Amino acid sequence: MRGRSSKREQRGGRNCVGRRGRSRGGNYPNNSLEAPKWQQIAWGKQMSSQDATVDSVLSVFAAHGHRFSARNVATAAHRIAKIGRKQSHRLKQDNRVKALATACLNSLNDFEAQGLANVTWAFATIDIDAPALFNAIADVALTKLDG
């Protein structure tokens, strides 16, 4: 087998079996702080439900945002802007929105193009003053375009 590497060697020699013998194939996150995929889906559905309010989305983020995937961070931002675009004055004063902006900034390299677009639209729509976020989004977008 010279010249050919095994699948295990291609993965860096690690065994990719997660808890309880399940394969990591989508069931468990790459980041140890990130919640499992099933939980990410549940939070995404909760934030995207027709009954969701700005406060309910921000409450889910405040309670679990530190375990959100990049997709859920972008979803939270999008939902807050979509539901609360007429509440921008109140949202500017909410510390949870500031924490969400920081989470977006920290997740920028993990966003897909749609996530970048959603976050940009969300913070522009609710008129949040976040120049560091917008500048970083522009940098990441240019990198992805050049990539």
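Look up a bit, the structure's there.
Residues numbered from 1 in each chain as written. Predicted model: local features only at pLDDT ≥ 70, side-chain atom pairs only at ≥ 80, totals over all residues. Heavy atoms only, no water.

Across its full length, the protein holds 8 helices and 0 strands. Per-residue burial for the protein yields a buried fraction of 37% across its 147 residues. Residue pairs at least 24 apart in sequence account for 65% of intrachain contacts in the protein once pairs closer than 6 positions are excluded. Total accessible area on the protein stands at roughly 9,600 Å², and carbon and sulfur atoms take up 49% of it. (Helix = DSSP H or I, 4+ residues; strand = E, 2+ residues; numbered from the N terminus. Buried < 20%, exposed > 50% of the residue type's maximum accessible area, 1.4 Å probe, protein only. Contact = heavy atoms within 4.5 Å. Areas by Shrake-Rupley, 256 points an atom, 1.4 Å probe, with all protein chains shown as cover.)

Right, let's talk about the nonpolar core for a bit. Residues Leu100, Cys104, Phe111, Val119, Phe123 and Leu133 are the most contacted members of the largest nonpolar core, which totals 36 residues. For this core, the element with the highest residue contribution is helix 4 (residues 70-84), accounting for 7 residues. Not counting residues up to four positions away in its chain, the partners in contact with Leu133 are Ala101, Cys104, Leu105, Leu108, Val119 and Phe123. (Core = buried A, V, L, I, M, F, W, Y, C linked by side-chain atoms within 4.5 Å.)

Oppositely charged side chains can pair when the atoms bearing their charge come close. Under the counting rule described, the total for this entry stands at 4 salt bridges. Among the salt bridges present, the one from Asp127 reaches Lys92, with a minimum N-O distance of 3.2 Å. Here Asp127, found in the loop between helix 7 (113-125) and helix 8 (131-146), pairs with Lys92, found in helix 5 (residues 88-93); they are 35 residues apart in sequence, far enough to count as distant. In this structure Asp127 comes out as partly exposed when scored by relative accessible area, which is 47%. Here Arg96 ties to Asp94 by a salt bridge, and the two come within 2.9 Å at their closest N and O atoms. What makes Arg96 partly exposed here is its relative accessible area of 21%. Asp94 sits in the buried class, given a relative accessible area of 12%. (Salt bridge = Lys/Arg side-chain N within 4 Å of Asp/Glu carboxyl O.)

As enumerated under the stated definition, the model contains 2 aromatic pairs in all. Judged by centre distance (5.3 Å) and plane angle (40°), the ring pair of Trp43 and Phe68 falls under tilted. Here the residue Trp43 occupies a position in helix 2 (residues 37-48), and Phe68 occupies one in the loop between helix 3 (54-64) and helix 4, the gap between them amounting to 25 residues. The exposure classification of Trp43 matches that of Phe68, with both residues buried. Ring geometry for Phe61 and Phe68: centres 6.0 Å apart, planes at 70°, overall edge-to-face. Linked through ring pairs, Trp43, Phe61 and Phe68 together constitute an aromatic cluster. (Phe/Tyr/Trp six-rings, centres within 6.5 Å; stacked < 30°, edge-to-face > 60°.)

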